[in-house]
Amino acid sequence: MVEFLFIVFLIGLLTFLLWRDRRRRGIKTAIIDGSNLLYWKGEALSLQPVHDAIEALVAAGYRPCVIFDANAGYLVAGQYLDGARFAKLLGLRAAQAYVVPKGEPADPHILRRARDSGGIVVSRDRFRDWSEEFAPETASDRVVRGGYRRDKLWLDLPKDKVA
């Protein structure tokens, strides 16, 4: 039993040290409001804006995490897709994509993940219904807007990135 507890302690310590090292190296987190981005490119719904945002964020030094509403799979594939299947479609690791349970709004999940990671949120949503509970996460320097100009994605990333 003592050996087991020691191993659990070592794993916890290693996890902490890796997390701290990642923060030191400047890897920032960007939470993508996946369902919101589906509508960024023209009139037709598309996963392309999510792909483009992931590419732009990685190039800017962010680690993207995409959160979708429960019905997003039906919108893009005609069937339910869980986080792991979205991750595969987007070229991400399974831990980087999440689908909110049916009947729950995605906004608090997005904002909680931004709070926990200290990251930015990529969305056109202003999260007004949640601004009191998540004041720092809904501030203008944390919610990144974007869109397309001449068929090229632009993101209004903060000049001084949030850790």
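Residues numbered from 1 in each chain as written. Predicted model: local features only at pLDDT ≥ 70, side-chain atom pairs only at ≥ 80, totals over all residues. Heavy atoms only, no water.

Observations concerning the nonpolar core
Counting 28 residues, the largest nonpolar core has Val50, Leu57, Phe68 and Val122 as the members making the most contacts within it. Elements with a minimum of two residues in this core: strand 1 (28-33), helix 3 (48-59), strand 2 (62-68), helix 5 (83-90), strand 3 (97-99), strand 4 (120-122) and strand 7 (152-155). A total of 4 residues in this core trace back to one element, the largest contributor, which is helix 3. (Core = buried A, V, L, I, M, F, W, Y, C linked by side-chain atoms within 4.5 Å. Buried < 20%, exposed > 50% of the residue type's maximum accessible area, 1.4 Å probe, protein only. Helix = DSSP H or I, 4+ residues; strand = E, 2+ residues; numbered from the N terminus.)

Remarks on the sheet that holds strand 3
In space, the 5 strands of this open sheet follow the order 3-2-1-4-5, with parallel pairing throughout. In the strand order of this sheet, the two ends are held by strand 3 and strand 5 (143-144), each with one partner. Alignment of strand 4 against strand 5, held across 2 bridges, turns out to be parallel. Along strand 5, the bridge assignment pairs Val121 with Val143. With respect to the sheet, helix 5 is in contact with strand 2 and strand 3, its orientation differing from that of strand 3 by roughly 140°. (Pairing = 2+ DSSP bridges. Contact = heavy atoms within 4.5 Å. Axes fitted to C-alpha atoms, helices over the stretch in contact; angles between N-to-C directions.)

Structural notes on the packing of aromatic side chains
Across all of its chains, the model carries 2 aromatic pairs by this definition. Relative to Phe86, the ring of Phe68 has its centre 3.9 Å away and its plane inclined at 15°; by these criteria the two rings are stacked. With Phe68 in strand 2 and Phe86 in helix 5, the pair connects residues that are 18 residues apart, well separated along the chain. Summarising the burial analysis for this pair, Phe68 and Phe86 share the class buried. Arg113 extends its terminal NZ or CZ atom over the ring of Tyr98, reaching a point 5.7 Å from the ring centre. In this arrangement the basic side chain of Arg149 is found over the ring face of Trp154, its NZ or CZ atom lying 4.3 Å from the centre. (Phe/Tyr/Trp six-rings, centres within 6.5 Å; stacked < 30°, edge-to-face > 60°. Lys NZ or Arg CZ within 6 Å of the ring centre and 35° of its normal.)

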